[in-house]
Amino acid sequence: FFRFDNPRSFKLAIESNDLDYPEGISVIPEGWREKFEKFKMDNEVSINLTMHGPLRPKARPFINMTFAVTNGKASINKVKMTKLAIRGSLINNANAAKINDDRNMLLKLDTVHGRANGLGFGAHASIRNFRDPSLMLNGKLDFNLTDINMDTISDIKLKAGHFVSTFSYLGKLNEFIENKK
């Protein structure tokens, strides 16, 4: 709805079960959108988006979006993901006492699981402050050792066994991504 009496404002709600991924990331600030474009996704995204705010020049709307992917296929660099399930949210007013801008954005991935290059994984994560992003990540690798026979070790054939490992990271996103160790 749009209000043209004082105070002038708007509220826009969009819901879709078959949104194309590039369309879905179009509400993300440009610098971040370029980063998300590196993540290629072959299937649609379900979204529920609400935007509202004042109708005046240079006013930034409040953004509240939830999204989900089921049985997806995606890739980033050399990692190919299948059976991908994602459920999360994006808001630009994580702290109601602050202005709704890139510093006040919060991307939450409540559920992420699937197979990455054939190996089972699960995680949940959040990224705060899109100007100087901080990452909180908790993940789990969980797969049968026979799943790595073709990709990892060509001279050894594993006949049985199971691998489970959990990991966590709390720090700057660029340090996590650019870490060469």
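None of these values were measured; they are calculated from a predicted model.

> Give me the lowdown on the pattern of salt bridges, citing residues and values where you can.
Across all of its chains, the model carries four salt bridges by this definition. Between Asp101 and Arg103 there is a salt bridge; the shortest N-O distance is 2.9 Å. Overall, Asp101 belongs to the buried group, its relative accessible area being 6%. Look at Arg103 and you get partly exposed, because its relative accessible area is 47%. Note that Asp132 and Lys172 form a salt bridge whose closest N and O atoms lie 3.0 Å from each other. With a gap of 40 residues between them, Asp132 in the loop between strand E8 (119-128) and strand E9 (134-144) and Lys172 in strand E10 (residues 162-172) connect regions that are remote in the sequence. You can call Lys172 partly exposed: its relative accessible area is 27%.

> Can you explain the side chain of Ser75? Please cite residues and give values.
The topology assignment puts Ser75 in strand E5 (residues 62-76). What makes Ser75 buried here is its relative accessible area of 17%. Those residues in contact with Ser75 that lie beyond four places of it in its chain are Lys38, Phe39, Lys40, Lys80 and Met81.

> An account of the pairing of E5 is needed here, citing residue identities and associated values.
Note that strand E3 (residues 40-41) and E5 share two bridges and pair antiparallel. Bridging from a neighbouring strand, Met41 pairs with Ala74 of E5. Note: strand E4 (residues 45-54) against E5, seven bridges, orientation antiparallel. Bridge pairing links Thr50 to Asn64 in E5. In this sheet, strand E6 (residues 79-91) lies alongside E5 in antiparallel orientation, the contact comprising ten bridges. If you follow Ser75 over to E6, its bridge partner there is Lys80. Count of turn residues in the E5/E6 antiparallel hairpin: two residues, of which Asn77 carries a positive phi of about 55°.

The rules behind these values
Residues numbered from 1 in each chain as written. Predicted model: local features only at pLDDT ≥ 70, side-chain atom pairs only at ≥ 80, totals over all residues. Heavy atoms only, no water. Salt bridge = Lys/Arg side-chain N within 4 Å of Asp/Glu carboxyl O. Buried < 20%, exposed > 50% of the residue type's maximum accessible area, 1.4 Å probe, protein only. Helix = DSSP H or I, 4+ residues; strand = E, 2+ residues; numbered from the N terminus. Contact = heavy atoms within 4.5 Å. Pairing = 2+ DSSP bridges.

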